[in-house]
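An overview of the molecular structure
If you want the building blocks of each chain, they are given just below.
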Amino acid sequence: MRQAETVESPIHKVSDWNGSTGDNWVSNQMRLDAMLEVFGTEALAAAAPTAGEHVLDIGCGAGATSFELARKVGPDGQVLGVDISQALLDQARRIAPADISVSFERADAGEAPLPQAAFDLLFSRFGVMFFDDPARAFAHMRRALKPGGRLAFVCWRRAAENDWVRLPMGAIEDLIPTPPPPDPEAPGPFSFGDRDRMESILGQAGFADVAILPFDHGIPFGRGENRDAALDDAVAMAFAVGPLSRALADQPQDLRARAASAVRKAFAQRPGETSVMIDGAAWIVTARNPAA
Ligand SMILES: C[S@@+](CC[C@H](N)C(=O)[O-])C[C@H]1O[C@@H](n2cnc3c(N)ncnc32)[C@H](O)[C@@H]1O
């Protein structure tokens, strides 16, 4: 049932950060932060923020990395988190720890006016893959960097390398017509999966010293007191966020039930007691704004 052509499909589209996608992220924020934490930590290590620096956290979502960055730059530094999703920014403000100082602003980072030559570091954890014209957006964001300033972000490699899509979508292949694969260059979580494309985009945007390194790590998908509870939670999570949730959104209850059992079987192949440990594949990307 696999279809070869690539067309825009609502199943792969993730543009409603101010609609159900954003709301689902808020509802699952703690679980998503637990899943993504190790990738953010790796990107933060590559970014190496230091005391007193000014940092822009792009697509900051509910703010987990903005809080971490604020701790690293300390009281003499500044962190501004920008995101297009009101729901996620509201959540970030709700859960911001009292002992740090961080500002949040609703803005499309790819085109909203940003302070010029103001930041030492542009950072992002999975928040830079959604621009319609990425070269233009990165050129725009680069102008917010001081000369010699740094860019550091983490993004997903290809969907086929990432279990959080590969496992659940593979499990329902025989139950519903497989949606056409997304255009790999269309805005979405995997739009930077291709290393060469990303390198060319960052070059066109004017960045120098681009380094793109693979980072593979297990992801604790779902949580529970024991194996059964963790598997149930992993299925619930796959039904709540990502392409499976969209593929099944309008399907009848009996098909959703069969899909749940197929997805559970797929997750059961993976190890883990209080979480289902699945494989995650990301790029850690660093670059520099050339000195003037
Ligand atoms: C996968 S989430 C990651 C959120 C957060 N960085 C984290 O790691 O938890 C992607 C985020 O990028 C935001 N986003 C998407 N396009 C954006 C844009 N053009 N400008 C700013 N934020 C954007 C979304 O609203 C969402 O919060």
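Because the structure is a prediction, the values reported are computed rather than measured.

Criteria and thresholds
Residues take numbers from 1 onward in each chain, read along the sequence in its written order. A pLDDT threshold of at least 70 governs which residues receive local features in this predicted model, and a stricter bar of 80 or more applies before side-chain atom pairs are shown or counted, although totals over entire chains, interfaces and linings include all residues. Computation of side-chain values: all heavy atoms of the structure, hydrogens and water removed. To qualify as a helix, a DSSP run of H or I must reach at least 4 residues; to qualify as a strand, a run of E must reach at least 2; elements of each kind are numbered from the N terminus. Atoms counted for the radius of gyration: C-alpha only. Globule rule: 2.2 Å times residue count to the power 0.38. Exposure is judged per residue with a 1.4 Å probe applied to protein chains only, and the accessible area is read against the type maximum: over 50% gives exposed, under 20% gives buried, and values in between give partly exposed. We call two residues contacting when some pair of their heavy atoms lies within 4.5 Å. Only four residue types enter the tally: Lys and Arg on the positive side, Asp and Glu on the negative side; His and the chain ends are excluded. Taken as the charge location is NZ of Lys, CZ of Arg, CG of Asp or CD of Glu. Proximity criterion: a residue is near a molecule or strand once any of its heavy atoms comes within 4 Å of it. Whenever a nitrogen or oxygen atom comes within 3.5 Å of another N or O atom, the pair is scored as a polar contact, on the condition that within protein one atom can donate a hydrogen and the other can accept it, and that pairs from neighbouring residues in sequence are kept only if both atoms are in side chains. In this classification, the charged set is Asp, Glu, Lys and Arg, the nonpolar set is Ala, Val, Leu, Ile, Met, Phe, Trp, Tyr, Cys and Pro, and all remaining amino acids, among them Gly, are polar. What goes into a patch is any residue over 30% in relative accessible area without a salt bridge, connected to like charges within 9 Å or, for nonpolar side chains (Val, Leu, Ile, Met, Phe, Trp, Tyr), within 5 Å. A 1.4 Å probe and the Shrake-Rupley method give the accessible areas. Residues count as covered only by the protein chains that appear here. Note on definitions: salt bridges are taken to be side-chain nitrogens of Lys or Arg within 4 Å of carboxyl oxygens of Asp or Glu. By convention a nonpolar core is built from buried Ala, Val, Leu, Ile, Met, Phe, Trp, Tyr and Cys residues, the set being connected through side-chain atoms within 4.5 Å. To define axes, lines are fitted to C-alpha atoms, for helices over the stretch in contact only, and angles between the resulting N-to-C directions are given on a 0 to 180 degree scale. By definition in this entry, angles of less than 35 degrees are roughly parallel, angles greater than 145 are roughly antiparallel, angles of 65 to 115 are roughly perpendicular, and the rest are oblique.

**Re the overall build of the protein**
Looking only at helices and strands, the protein features 10 helices and seven strands. In terms of C-alpha radius of gyration, the protein reaches 19 Å, essentially the compact-globule figure of 19 Å for 292 residues. Projecting the C-alpha coordinates of the protein onto the three principal axes gives extents of approximately 60 × 45 × 30 Å. With 292 residues in all, the protein has 50% of them scored as buried. Once local pairs closer than 6 in sequence are excluded, the contacts in the protein between residues at least 24 apart make up 80%. Considering the protein, the positive charge centre built from 28 side chains and the negative charge centre built from 39 side chains are found 1 Å apart.

**Remarks on the site of the ligand**
Within the structure, the ligand sits among 17 residues, and Gly59, Asp83, Asp108, Ala109 and Arg125 are positioned closest to it. Within the contact set of the ligand, an oxygen atom lies 2.5 Å away from a side-chain nitrogen or oxygen of Asp83. Split by residue class, the shell around the ligand holds 10 nonpolar, four polar and three charged.

**A word on a negative patch on the surface**
On the surface, a cluster of negative charge is contributed by Asp108, Glu111, Asp132 and Asp133. Counting through the fold element by element, Asp133 comes out in the loop between β4 (119-125) and α5 (134-142).

**Points about unusual backbone geometry**
Backbone geometry places Ala48, a non-glycine residue, at a positive phi of 50 degrees. Residue position: Ala48 is located in the loop between α2 (29-47) and β1 (54-58). For Asp209, which is not a glycine, the phi torsion comes out positive at approximately 50 degrees.

**Some points on the nonpolar core**
In this structure, Phe138, Phe153 and Phe267 are the most contacted members of the largest nonpolar core, which totals 87 residues. When neighbours within four sequence positions are excluded, Phe138 is seen to be in contact with Val128, Phe131, Leu151, Phe153, Phe192, Ile201, Leu202, Ala205 and Phe207.

**Let's talk about the packing of helix α1 (residues 20-27) against α2**
Relative to each other, α1 and α2 sit at 80 degrees, their axes nearing to 5 Å. Classified by the angle their axes make, α1 and α2 are roughly perpendicular. Contact residues: α1 offers Trp25, Val26 and Ser27, while α2 offers Gln29, Leu32 and Leu36. Residue composition of the contact of α1 with α2, grouped by class: four nonpolar, two polar and no charged.

Remember that the coordinates give geometry; whether it matters functionally is a separate question.
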